[in-house]
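The residues making up each chain are set out below.
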Amino acid sequence: MEVTIVGAGLVGCLLACFLARRGHHVTVYERRPDPRRHGREGGRSINLALSARGIDALRRLGLDGKVLDAAIPMPGRMMHASDGALTFQPYSADRTQAINSIGRADLNRRLLDAADAMPGVELRFGRRLTGLDERTGRLEFEDGKEDGARVVIGADGAYSAVRARLQQLPGVSFSQDYLDYGYKELPLPARNGEYAMDPGALHIWPRGRSMMIALPNPDRSFTCTVFWPHDTLAALDTPGKVRAYFAAHYPDAFELMPDLVPGYRDNPVGHLVTMRCAPWHVTTGAATVGLVGDAAHAIVPFYGQGANCGFEDCVALDRCLDEVGDDFPRALELFERRRADTDVIARLALENFVEMRDKVGSRLFLAGKRLEHALERALPGYVSRYELVSFSTTPYSQVERRITRQRLAAAAAGAALVAAGFAARRGRGLVRTPGGE
Ligand SMILES: Cc1cc2nc3c(=O)[nH]c(=O)nc-3n(C[C@H](O)[C@H](O)[C@H](O)COP(=O)(O)OP(=O)(O)OC[C@H]3O[C@@H](n4cnc5c(N)ncnc54)[C@H](O)[C@@H]3O)c2cc1C
């Protein structure tokens with residue numbers, strides 16, 4: 001089958017590999033020039049955290065080793081208090097699990113190489129999709145060229161041109177919810193050729209309404225990202241104000257950021273949006289058009305799951321194709337069931353923003369995490385929500401059910417322990433009960 005994918009970003013490239021492995025001929029159209037020959041496009045997050053779901057998808061194509069050798073494991077969070085005090089909180093009870101910091105551009109290049117190496121994949125760069133006829137599969141590009149395909153899959157990101165066409169059709173619903181927050185990336189360079197902070201952690205400066213995070217890069221620098229209300233971002237409009245704000249709120253990082261002011265001035269403000277679209281596919285006439293990755297379900301980045309979820313989409317669609325013998329219209333119909341999972345991670349990602357910017361700094365939160373890890377060690381099968389999301393491939397939609405079941409079981413176990421302790425004390429005559437001796 002001839003399949004066209006729009007977008008050679010992270011998900012488009014991986015999907016091309018999955019489909020080519022099934023024997024399909026895949027043409028991928030990408031609006032940018034080939035990033036392996038030209039530099040990276042600015043304005044996107046420089047690095048991201050790759051975890052179990054993404055790694056599982058890569059492993060199915062034998063790409064995990066190639067990708068992970070460029071990654072830096074982060075087994076926990078390092079919290080930076082306003083007074084500079086540091087607290088490390090491991091992500092997993094046994095401290096063996098880690099999320100992995102990886103450069104987005106590097107990851108994209110490796111996936112482009114992987115797609116390029118697959119027989120049947122053709123990558124066409126500098127081709128921005130500007131028009132699509134979903135009935136015929138006719139595609140129009142900015143350069144005036146046209147093409148046609150019976151199967152078109154939009155992997156063209158949160159501001160998808162493919163989705164923009166589907167949104168116009170009757171029966172297709174779409175919503176976008178922007179946070180009142182923006183993000184901006186800032187450099188924190190190596191110091192004397194070494195990491196200026198511990199590279200084995202995702203660093204967080206929780207500050208109530210806002211926060212900063214930092215992920216390590218292989219060149220021993222960190223990329224910091226501030227997530228601030230738009231009014232704060234706009235208010236810092238002079239070098240003096242930027243310096244004063246950082247000195248007051250992030251004093252330890254401020255000392256490590258010599259290029260803070262040019263970084264703040266030159267780097268764009270990114271938006272934080274949750275996009276929902278239903279259905280993700282339309283079959284009319286001779287053509288079928290579908291959506292995957294951010295084009296289908298862009299989420300805010302606070303669980304580090306957007307790309308991981310998009311990679312898992314590829315596995316899910318591959319399974320759907322297995323079920324229906326590569327009948328794309330039927331496979332894309334089955335793929336709609338994945339919405340149950342993507343809706344859950346969209347919600348968890350929003351909830352995690354409050355946890356990261358506000359709660360992680362509190363003693364109560366840290367005590368709760370220690371208790372959770374103690375329960376994980378004590379109760380076989382007890383796993384925290386973070387672990388289920390980041391270190392397992394348990395469908396997102398089952399994570400919440402499992403957490404509820406576990407909490408009930410832990411509460412029952414706790415009650416049984418209290419009862420046993422009470423009975424023991426009573427047996428030793430330490431407890432008096434009405435009617436007792
Ligand atoms: C600040 C931030 C931090 C993040 N951190 C993480 C993280 O830690 N972990 C994680 O898993 N995820 C993270 N994400 C989310 C992750 O970046 C996205 O989920 C992921 O990039 C989605 O991949 P995609 O291929 O669907 O879309 P994209 O990566 O956006 O790729 C879309 C591609 O389509 C191309 N394109 C767009 N329009 C057209 C057109 N009209 N014609 C042709 N081509 C087109 C684009 O040039 C691009 O190459 C983060 C996101 C942000 C903003």
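What you see is a predicted model; the values in this text were computed from it and never measured.

Here we come to the overall build of the protein. A tally of regular secondary structure across the protein gives 16 helices and 19 strands. For the protein, whose C-alpha radius of gyration is 24 Å, the value lies close to the compact-globule estimate of 22 Å for 437 residues. Over its C-alpha atoms, taken along the principal directions, the protein stretches across nearly 90 × 60 × 40 Å. Within the protein, the fraction of its 437 residues that count as buried is 52%. Within the protein, contacts between residues at least 6 apart in sequence are counted, and of these 71% link residues at least 24 apart. Within the structure as shown, the protein displays about 19500 Å² of accessible surface, and the carbon and sulfur contribution to it stands at 52%. The averaged location of the 53 negative side-chain charges in the protein is 6 Å from the averaged location of its 56 positive side-chain charges.

Our next topic: the sheet that holds strand β12 (residues 151-154). With mixed pairing, six strands are arranged side by side in an open sheet as β8-β2-β1-β12-β19-β18. Each having just a single partner strand, β8 (121-124) and β18 (281-284) make up the two edges of the open sheet. With strand direction ignored, the average angle separating the axes of adjacent strands in the sheet is 15°. Bridge count for β18 against strand β19 (residues 287-291) is four bridges, and the pairing is antiparallel. Of the residues in β19, the one forming a bridge with Thr 283 is Thr 288. Along the sheet, helix α1 (residues 10-21) makes contact with β1 (2-6), β2 (25-29), β8 and β12, crossing β1 at roughly 170°.

Relative to the helices and strands, Thr 232 resides in helix α6 (residues 230-235). Those residues in contact with Thr 232 that sit more than four places away from it in its chain are Tyr 245 and Tyr 264.

Counting residues in hydrophobic clusters, the biggest one holds 69 residues, and the most contacted among them are Ile 5, Leu 14, Leu 19, Leu 111, Ile 153 and Phe 311. Apart from residues lying up to four places away in sequence, Ile 153 is in contact with Val 3, Thr 4, Ile 5, Val 6, Leu 15, Leu 19, Gly 290, Val 292, Leu 317 and Phe 328. With 37 residues, the next largest nonpolar core counts Val 344, Ala 349, Val 383 and Ile 403 among its residues.

This paragraph deals with the state of the cysteines. Counted according to the given criterion, the structure contains zero disulfides. With no disulfide partner, Cys 314 has as its closest neighbouring cysteine sulfur the one in Cys 17, 8.9 Å distant. Cysteine Cys 320 remains unbridged, with the sulfur of Cys 314 as its closest cysteine sulfur at 12 Å.

This next bit is on the site of the ligand. Taken together, 31 residues lie around the ligand, and Glu 30, Ala 49, Arg 104, Leu 129 and Asp 294 are the ones closest in. In the model, an oxygen atom of the ligand is placed 2.6 Å from a nitrogen or oxygen of the Glu 30 side chain. Backbone polar atom of Gly 306 to a nitrogen atom of the ligand: 3.3 Å apart, as the coordinates give it. If the ligand stood free it would expose 990 Å²; the protein chains cover 91% of that surface. Looking at the shell around the ligand, the elements that each hand over two or more residues are α1, β3 (47-50) and α11 (306-323). Residue contributions to the shell around the ligand peak at three residues, all from α11. Grouping the constituent residues of the shell around the ligand by class yields 13 nonpolar, nine polar and nine charged.

Domain boundaries in the protein define domain 1 (2-72 + 100-175 + 274-353), domain 2 (178-271) and domain 3 (362-427). Look at where the C-alpha atoms of domain 1 and domain 2 centre, and you get two points 30 Å apart. Across the contact, 17 residues belong to domain 1 and 16 residues belong to domain 2. Buried area between domain 1 and domain 2, summed over both chains or domains, comes out near 1300 Å², and the portion from carbon and sulfur atoms is 67%. Considering only the surface of domain 1 that becomes buried against domain 2, Asn 47, Ile 72 and Phe 353 emerge as the three largest contributors, covering 40% of it.

About the thresholds
Residues numbered from 1 in each chain as written. Predicted model: local features only at pLDDT ≥ 70, side-chain atom pairs only at ≥ 80, totals over all residues. Heavy atoms only, no water. Helix = DSSP H or I, 4+ residues; strand = E, 2+ residues; numbered from the N terminus. Rg over C-alpha atoms; globule rule 2.2 N^0.38 Å. Buried < 20%, exposed > 50% of the residue type's maximum accessible area, 1.4 Å probe, protein only. Contact = heavy atoms within 4.5 Å. Areas by Shrake-Rupley, 256 points an atom, 1.4 Å probe, with all protein chains shown as cover. Lys, Arg positive; Asp, Glu negative; His and termini not counted. Charge placed at Lys NZ, Arg CZ, Asp CG, Glu CD. Pairing = 2+ DSSP bridges. Axes fitted to C-alpha atoms, helices over the stretch in contact; angles between N-to-C directions. Core = buried A, V, L, I, M, F, W, Y, C linked by side-chain atoms within 4.5 Å. Disulfide = S-S within 2.5 Å. Near = heavy atom within 4 Å. Polar contact = N/O pair within 3.5 Å; in protein donor to acceptor, adjacent residues only side chain to side chain. Nonpolar A, V, L, I, M, F, W, Y, C, P; charged D, E, K, R; others polar. Domains from an automatic or database assignment. Buried area = accessible area lost by both parts, 1.4 Å probe.

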